[in-house]
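Tertiary structure, described
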Amino acid sequence: MLRIIKQRLAYNGLPAPTLEQGIRVIASRAYSTAKEMTVREALNSAIDEEMSADPKVFIMGEEVGEYQGAYKISKGLLDKYGPERVLDTPITEAGFAGIGVGAAYYGLRPVIEFMTFNFSMQAIDHIINSAAKSNYMSAGQISVPIVFRGPNGAAAGVGAQHSHCYAAWYSSCPGLKVLAPYSSEDARGLLKAAIRDPDPVVFLENELLYGESFPVSAEALDSSFCLPIGKAKIEREGKDVTITAFSKMVGYALQAAEILAKEGINAEVINLRSIRPLDRSTINASVRKTNRLVTIEEGFPQHGVGAEICASILEESFEYLDAPVERIAGADVPMPYAANLERMAVPQIEDIVRAAKRACYKSSLLAATA
Amino acid sequence: MACSATAQIIQPLSINSARSVDNSDACTKTLSPSSFLGSTPRINKKLFAVNKSISPLARRPTTVFAVSSDVVKEKKLKSNSSLSNLLITKKEGLELYEDMYLGRAFEDMCAQMYYRGKMFGFVHLYNGQEAVSTGFIKLLKKEDYVVSTYRDHVHSLSKGVPAREVMSELFGKTTGCCRGQGGSMHMFSKEHNVLGGFAFIGEGIPVATGAAFTSKYKREVLKEDCDEVALAFFGDGTCNNGQFFECLNMAALWKLPIVFVVENNLWAIGMSHVRATSDPQIWKKGPAFGMPGIHVDGMDVLKVREVAKEAIDRARRGEGPTLVECETYRFRGHSLADPDELRDPAEKAHYATRDPITALKKYMAENKLVSEAELKAIDKKIDELVEDAVEFADKSPVPARSQLLENVFADPRGFGIGPNGKYRCEDPKFTEGTAQV
């Protein structure tokens, strides 16, 4: 280690007498990098680093420039990269998403920000028809290295038109990659991977997670850090029941797992990270280990992410199941505004605990009768 | 109704910086973008004298023109002497004042309640733009339609939705106009024909156009006696959105009874209008689609009212749509969560001097229409009304658990068939209270 440091310093042109100082600096930096970072900072740093690494990357969206980002994700980027690379657009989602796709056809790497993914419905024609299907329709001649990002899903008290979750909608379309980060490390790694990816990526963030801090490892802070697309992460190992979740629900699942642990149920929590391509092998391997499954999502139940996971399990690991799959989703109603109704319309930690217990006790009941 | 804009000088409110656009004879005269109040604090003090004897709307339906305002001092002195020259009667004046003051007091109370935590989510306030809402909506009948954006509290109030119901809706209580299910951005009222409250920019315009279509359909196909008009309110940011142009085209094509009212407050969250628009003069987009485009000072309720009379009458007569651009300003930020750092304080100060409520007060005082005491009585009455609305909303119950699954479908059999083979909605336990559908 010391030799490496010496070589590094010599390479950087530092004279030997400062070696000790150098080591002290590196050591202190190593300690201080076991630090916390909010998801907002993680996203901001990811975009920043990718923009400085590749001049073809630019960001376009409403209020990304002078306003520093509607949720302050693109803070400071306008000052750093100028108005040619950080573009404030008028309120025309169809227009600027289409312009982004056209730019991507010609080799630029746009990052299109939707103020919320609800507004992507005005641009969905371009996301699906111009971006997702182009590589196929042109037989590989035209690839679309574009990233559509923005907050997705329910926030707090914003009503029906601002709380829709689009994970299921976009993941049903071949040609798109759909990512949903949870922690800051996820956010950084996945966004960097998305920007470097040659295919269209829909990057679903969560407004309520923006302000949450997570510890980040030293390697996550490195500017070449990247997470693989299509691999889920096992956040918590367990052996009694598998709980899959993405985005904000991972936090809820982890808290539910703590509660379940006190009752003797050891839950395994999987952070999906990537909705398309879905990491079926990790989920199946986990279910084959635990024999029970609870899927959680915030979106509407019919044709949701949980439905796809259930189908995957039934196709590949049916004999391993000891209990029916429990599927938790948002209520099958447009999001109400009233605070108490909104709480009922979104899965809460108690719902997860209850479902996990149901998955565990059901088969113990069967065993008793047998 | 007799329209005084046809033959008379439009009495100016005694404010220095009344600004107007003139296009008297030279249709080729173009205004450079710098003469438009964008994000600069400079005031354009050009005054124009205009040929006022024609009713511009009737005579040249496809030409671009603007409402004139004459600020020449002699004319003003002359007008003060004869009451018949005034635009409004005392009764109308009081009505306008009361409505604007209600809008202002209500929105101020909303801000207070938000900071106390009684209201949540997105709240967009209308302070400063009251003249547009009052100027237009007070000319409507109950059956006419109003469609708005997320900045819709005052539109609903002007249309007649009781303040109690709006406040309850904002608090998320079951006594709200939408039973607490809609919220600040989604005010609907079938009784008063308020068709929303839409969160997406531009979403309300096709809906309003559809309402106008219904009116025409009722008249021509169903042969009912129907002359209802639709008003679509939206902002400057919306005028760059595709839906706006599509609806201008179709409304003009089919001669629908609609008035498109642009509340140009120069800012879309933090995006200045001139930065987002290739040609910032929105009224010009009307003639491009074959309808008159008018620019009016939206801080002056009397001017807005005169233009509104013409436009609404035109629609009622079946002559088709009109595009009215009201230059106005919002005194507060985009929403209560907006720090409002990008707007120049000098610009804000300038528009604060053009406060529509003080302007109307001054006009009525100078023309001796009302006394100070009468205005104060109205102020007191409205303050009490708003306080009562807050109390009512506070005391109202939150929605019951069973309300979660209600109102999804008009025909609740849309929830399908349950495990017992009967329709789910027929099971008495259906709305009893778990979210496990």
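Treat the numbers as computed from the prediction; the structure is a model and nothing was measured.

Residues and elements named next belong to chain B. The end-to-end C-alpha distance of helix H11 (residues 301-317) is 24 Å, a good match for the 24 Å that 17 residues give at a rise of 1.5 Å each. Among the 17 residues that make up H11, 16 are buried, leaving the element largely enclosed by the rest of the structure. Among the residues of H11, the N-terminal cap falls to Asp-300, whose side-chain oxygen and the backbone nitrogen of Leu-302 are separated by 3.0 Å. Positive backbone phi, at 95°, marks Gly-318, one or two positions downstream of H11.

Further remarks concern the side chain of Asp54(A). Counting through the fold element by element, Asp54(A) comes out in the loop between helix H3 (39-53) and strand E2 (57-61). Once residues lying within four places of it in the same chain are set aside, the contact partners of Asp54(A) are Arg85(A) and Arg109(A).

In this structure the tally under the stated criterion is 21 aromatic pairs over all chains. Ring geometry for Tyr71(A) and Tyr210(A): centres 5.8 Å apart, planes at 45°, overall tilted. Remark: Tyr210(A) occurs in the loop between strand E7 (201-205) and strand E8 (213-216) and Tyr71(A) occurs in the loop between E2 and helix H4 (77-81); sequence separation between them is 139 residues. Assessed through its relative accessible area of 1%, Tyr210(A) is described here as buried. Ring plane angle 80° and centroid distance 5.8 Å describe the contact between Tyr114(B) and Tyr115(B), whose orientation is recorded as edge-to-face. According to the relative accessible area criterion, Tyr114(B) is buried, its value standing at 19%. Its relative accessible area of 58% is what places Tyr115(B) among the exposed residues. Ring pairing ties together the aromatic residues Phe96(A), Phe114(A), Phe117(A), Phe148(A), Tyr166(A), Trp169(A) and Tyr170(A), which thus form one cluster.

What follows is about the UniProt feature "domain: Dehydrogenase E1 component" (unreviewed entry) in chain B. Here, the residues flagged by UniProt with the feature "domain: Dehydrogenase E1 component" (unreviewed entry) are residues 99-399 of chain B. Here residues 99-399 of chain B is 46% helix and 12% strand, with 30 Å between the C-alpha atoms at its ends.

On to the nonpolar core, then. General note: in soluble globular proteins, nonpolar side chains tend to be found buried as a group. If you look at the biggest cluster of nonpolar residues, it comprises 83 residues, and the most contacted ones within it are Val294(A) and Ile296(A). What Val294(A) contacts, discounting residues up to four positions off in sequence, is Val241(A), Thr242(A), Ile243(A), Thr244(A), Glu326(A), Ile328(A), Ala355(A), Ala356(A) and Ala359(A). Residues Leu86(B), Met100(B), Met113(B) and Met167(B) belong to the second largest nonpolar core, which totals 45 residues.

What follows covers the interface of chain A and chain B. Listed per partner, the contact involves 36 residues of chain A and 43 residues of chain B. Summing both partners gives a buried area of about 3200 Å² for chain A against chain B, and 64% of it is carried by carbon and sulfur. Sorting the residues of chain A by area buried against chain B places Ile91(A), Gln161(A) and Tyr337(A) first, and these three jointly supply 23% of that buried surface. The partner of Asp88(A) in a salt bridge is Arg275(B), and the shortest N-O contact between them spans 2.9 Å. Scanning the region where chain A abuts chain B turns up 14 residue pairs in polar contact (both at pLDDT 80 or more). Ranked by the residues each element gives to the side of chain A that touches chain B, the list is headed by helix H14 (residues 339-345) of chain A, at 5 residues.

Rules used in this analysis
- Residues numbered from 1 in each chain as written.
- Chains lettered and ligands numbered in written order.
- Predicted model: local features only at pLDDT ≥ 70, side-chain atom pairs only at ≥ 80, totals over all residues.
- Heavy atoms only, no water.
- Helix = DSSP H or I, 4+ residues; strand = E, 2+ residues; numbered from the N terminus.
- Expected span 1.5 Å × (residues − 1).
- Buried < 20%, exposed > 50% of the residue type's maximum accessible area, 1.4 Å probe, protein only.
- Polar contact = N/O pair within 3.5 Å; in protein donor to acceptor, adjacent residues only side chain to side chain.
- Contact = heavy atoms within 4.5 Å.
- Phe/Tyr/Trp six-rings, centres within 6.5 Å; stacked < 30°, edge-to-face > 60°.
- UniProt positions renumbered as here; feature names shortened; annotations may be inferred.
- Core = buried A, V, L, I, M, F, W, Y, C linked by side-chain atoms within 4.5 Å.
- Buried area = accessible area lost by both parts, 1.4 Å probe.
- Salt bridge = Lys/Arg side-chain N within 4 Å of Asp/Glu carboxyl O.

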